[in-house]
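So you can see what is in the structure, the chains are spelled out below.
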Amino acid sequence: VTTPDPRRQRLVDDLAGNAAEIATLESDRGRLIDASQSSNADDEHDPEGATIAFEREQLTALLTRAQRIRADLERALVDIDRGTYGICERCGRAIGAERLDARPQTRLCISCARQAPS
Ligand SMILES: [Zn+2]
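Residues numbered from 1 in each chain as written. Predicted model: local features only at pLDDT ≥ 70, side-chain atom pairs only at ≥ 80, totals over all residues. Heavy atoms only, no water.

1. Considerations on the coordination of the zinc ion
Line of reasoning, step 1. Summarising the metal site, the zinc ion is bound by the protein donors C88 (SG), C91 (SG), C109 (SG) and C112 (SG), whose distances to it range over 2.3 Å.
Line of reasoning, step 2. With four donor atoms in place around the zinc ion and angles of 106 to 117° between them, the coordination shape is tetrahedral.
Line of reasoning, step 3. When the donors of the zinc ion are listed by position in the chain, the intervening gaps give C-x2-C-x17-C-x2-C. Taken together, the positions of C91 in the loop between helix 2 (47–82) and helix 3 (97–102) and C109 in the loop between helix 3 and helix 4 (110–115) put the pair 18 residues apart, joining distant regions of the chain.
Line of reasoning, step 4. In this structure C91 comes out as partly exposed when scored by relative accessible area, which is 31%.
Line of reasoning, step 5. Residue classification places C109 among the buried residues on the basis of a relative accessible area of 7%. (Donors = N, O, S within 2.8 Å, 3.2 Å for Na, K, Ca; no water. Tetrahedral: all angles 85-135°; square planar, octahedral: opposite > 155°, others 65-115°. Helix = DSSP H or I, 4+ residues; strand = E, 2+ residues; numbered from the N terminus. Buried < 20%, exposed > 50% of the residue type's maximum accessible area, 1.4 Å probe, protein only.)

The following block contains the structure:
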């Protein structure tokens, strides 16, 4: 009998939200790329092109961040299945429950995270 693990469920939920976020960002970026191709985006003196380039940069940064979170969430799920979830990968101590509630994909305990902000 497998009892539902609330930590695992939280990660699965977060992963679903994260996937939706990535899909939205990717489609927004696709629209921007289309827009930049139909306008004179290569002309840096074209104010519209500059705006599009800026927005694309912002979107790319958000996408990179979301993809990093996805990788961490996927890894956390693997850790749960292995029974090594919630253990700080730097000092090997248990990560506090409050921290796991706030950032379920975290790999560092609070004191290690403070020493090495990621
Ligand atoms: Zn630690």
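And the narrative resumes.
2. Regarding the pattern of salt bridges
Line of reasoning, step 1. The tally for this structure, following the rule as stated, stands at seven salt bridges.
Line of reasoning, step 2. With a closest N to O distance of 3.1 Å, R8 and D81 form a salt bridge. Of the two residues, R8 sits in helix 1 (residues 6–38) while D81 sits in helix 2, which places them 73 residues apart along the sequence.
Line of reasoning, step 3. For D14, the salt bridge goes to R10, with nearest N and O atoms at 3.2 Å. In this pair, D14 and R10 are both assigned in helix 1, four residues apart and thus about one turn of the helix distant.
Line of reasoning, step 4. Through salt bridges with shared partners, a single network forms among D72, R75, E89 and R107. (Salt bridge = Lys/Arg side-chain N within 4 Å of Asp/Glu carboxyl O.)

3. Focus on helix 1
Line of reasoning, step 1. When the terminal C-alpha atoms of helix 1 are compared, their 48 Å separation across 33 residues agrees well with the 48 Å that a helix rising 1.5 Å per residue should span.
Line of reasoning, step 2. Along helix 1, the residues classified as buried are L11, L15, N18, I22, L25, L32 and S36.
Line of reasoning, step 3. As for helix 1, its buried residues are in contact with helix 2. (Expected span 1.5 Å × (residues − 1). Contact = heavy atoms within 4.5 Å.)

4. Quick word on the side chain of N18
Line of reasoning, step 1. Note that N18 resides in helix 1.
Line of reasoning, step 2. Ignoring sequence-local partners within four residues, the contact set of N18 consists of A66, I69, R70 and L73.

5. Digging into the packing of helix 1 against helix 2
Line of reasoning, step 1. Relative to each other, helix 1 and helix 2 sit at 155°, their axes nearing to 9 Å. On the basis of the axis angle, helix 1 is roughly antiparallel to helix 2. Viewed along their axes, helix 1 and helix 2 form a crossing whose handedness is left-handed.
Line of reasoning, step 2. Broken down by class, the residue content of the contact of helix 1 with helix 2 amounts to 18 nonpolar, four polar and twelve charged. (Axes fitted to C-alpha atoms, helices over the stretch in contact; angles between N-to-C directions. Parallel < 35°, antiparallel > 145°, perpendicular 65-115°, else oblique. Left-handed = near helix turned anticlockwise from the far one by under 90°. Nonpolar A, V, L, I, M, F, W, Y, C, P; charged D, E, K, R; others polar.)

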